[in-house]
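Structural overview
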Amino acid sequence: MKSHIFARLSLLACLALFGAALQAALPDTGFIDLTDDPPRELANISAGVPRGQELPENDPRVQQAREWLRQAATATQQSEEWIAANALKLARYIFTVQGVRATPLEVLEAYARLAAPGKSLSDISAAYFEARRKAPGRSHEAAMKALAP
């Protein structure tokens, strides 16, 4: 009887290890590499540029992303990579929860305009999320207007 229990436990352990190995081998489709140029990548994603293609450096959306990212990083004392990753994450979250398309550049604009010394990125994210939820049509423009001082 003990040998049957031991055999079953061994089988379960082997299956668990096999499942873990299989899971580790699967690609992580939820991760987007922001490459070495987060502002350009956020502009590419926002513009719907297919993977493997890029907006040119002189594209106004890339230049605007650079400026907003610099402003937000300076005000919050967070790294540009951290802010870019959070902009992408919040844009996806708004779509998931509110069912409206939000681009990373819209979120980045909110970060740049709302960032202030001593104000955390999580507070800014929460304020923008709520403003977007309450805005007519849940539009970015209406949310930014509601958040303007």
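Reference entry: report on the structure contained in this document. (Residues numbered from 1 in each chain as written. Predicted model: local features only at pLDDT ≥ 70, side-chain atom pairs only at ≥ 80, totals over all residues. Heavy atoms only, no water.)

**Digging into the packing of aromatic side chains**
Under the counting rule described, the total for this entry stands at one aromatic pair. For the ring pair Tyr-93 and Phe-129, a centre distance of 5.2 Å and an interplane angle of 35° mean the geometry is tilted. A residue pair is termed long-range when its members are at least 10 positions apart, and Tyr-93 in helix α4 (residues 80-98) and Phe-129 in helix α6 (residues 121-134) qualify at 36 residues. What makes Tyr-93 partly exposed here is its relative accessible area of 46%. Judged by its relative accessible area of 13%, Phe-129 is buried. (Phe/Tyr/Trp six-rings, centres within 6.5 Å; stacked < 30°, edge-to-face > 60°. Helix = DSSP H or I, 4+ residues; strand = E, 2+ residues; numbered from the N terminus. Buried < 20%, exposed > 50% of the residue type's maximum accessible area, 1.4 Å probe, protein only.)

**Re helix α5 (residues 104-114)**
Every α-helix winds through 3.6 residues per turn, so residues three or four apart in the chain are directed the same way. Among the eleven residues of α5, ten are classified as buried, and the element is accordingly described as predominantly covered. When we look at burial in α5, the residues that qualify are Pro-104, Leu-105, Glu-106, Val-107, Leu-108, Glu-109, Ala-110, Tyr-111, Ala-112 and Leu-114. Buried residues in α5 make contact with α2 (38-47), α3 (60-76), α4, α6 and α7 (140-147). (Contact = heavy atoms within 4.5 Å.)

**Overview of the pattern of salt bridges**
Counted by the stated rule, this structure contains ten salt bridges. For Asp-59, the salt bridge goes to Arg-61, with nearest N and O atoms at 2.9 Å. On the basis of relative accessibility, which here comes to 10%, the residue Asp-59 falls in the buried class. Residue Arg-61 is classed as partly exposed on the basis of its relative accessible area, which comes to 39%. Residue Glu-67 is joined to Arg-70 by a salt bridge in which the shortest nitrogen-to-oxygen separation is 2.4 Å. (Salt bridge = Lys/Arg side-chain N within 4 Å of Asp/Glu carboxyl O.)

**Remarks on the packing of α2 against α3**
Close contact between α2 and α3 brings their axes to 8 Å; oriented N to C, the two are set at 125°. Considering their axes alone, α2 and α3 lie oblique with respect to each other. Crossing of α2 against α3: the hand is right-handed. Residue-level contacts link Pro-38, Pro-39, Arg-40, Ala-43 and Ala-47 of α2 to Arg-61, Val-62, Ala-65, Arg-66 and Leu-69 of α3. Here the residues of the contact of α2 with α3 sort into seven nonpolar, no polar and three charged. (Axes fitted to C-alpha atoms, helices over the stretch in contact; angles between N-to-C directions. Parallel < 35°, antiparallel > 145°, perpendicular 65-115°, else oblique. Left-handed = near helix turned anticlockwise from the far one by under 90°. Nonpolar A, V, L, I, M, F, W, Y, C, P; charged D, E, K, R; others polar.)

**Side note on the packing of α4 against α6**
Taken N-terminus to C-terminus, the directions of α4 and α6 make an angle of 30°; their axes are 11 Å apart at the nearest point. As the angle between them shows, α4 and α6 are arranged roughly parallel. Relative to α6, α4 is oriented so that their crossing is right-handed. Two secondary-structure elements touch here, α4 through Trp-82, Ile-83, Asn-86, Leu-90, Tyr-93, Ile-94, Val-97 and Gln-98 and α6 through Leu-121, Ser-125, Tyr-128, Phe-129, Arg-132 and Arg-133. Classifying every residue of the contact of α4 with α6 by side-chain character gives nine nonpolar, three polar and two charged.

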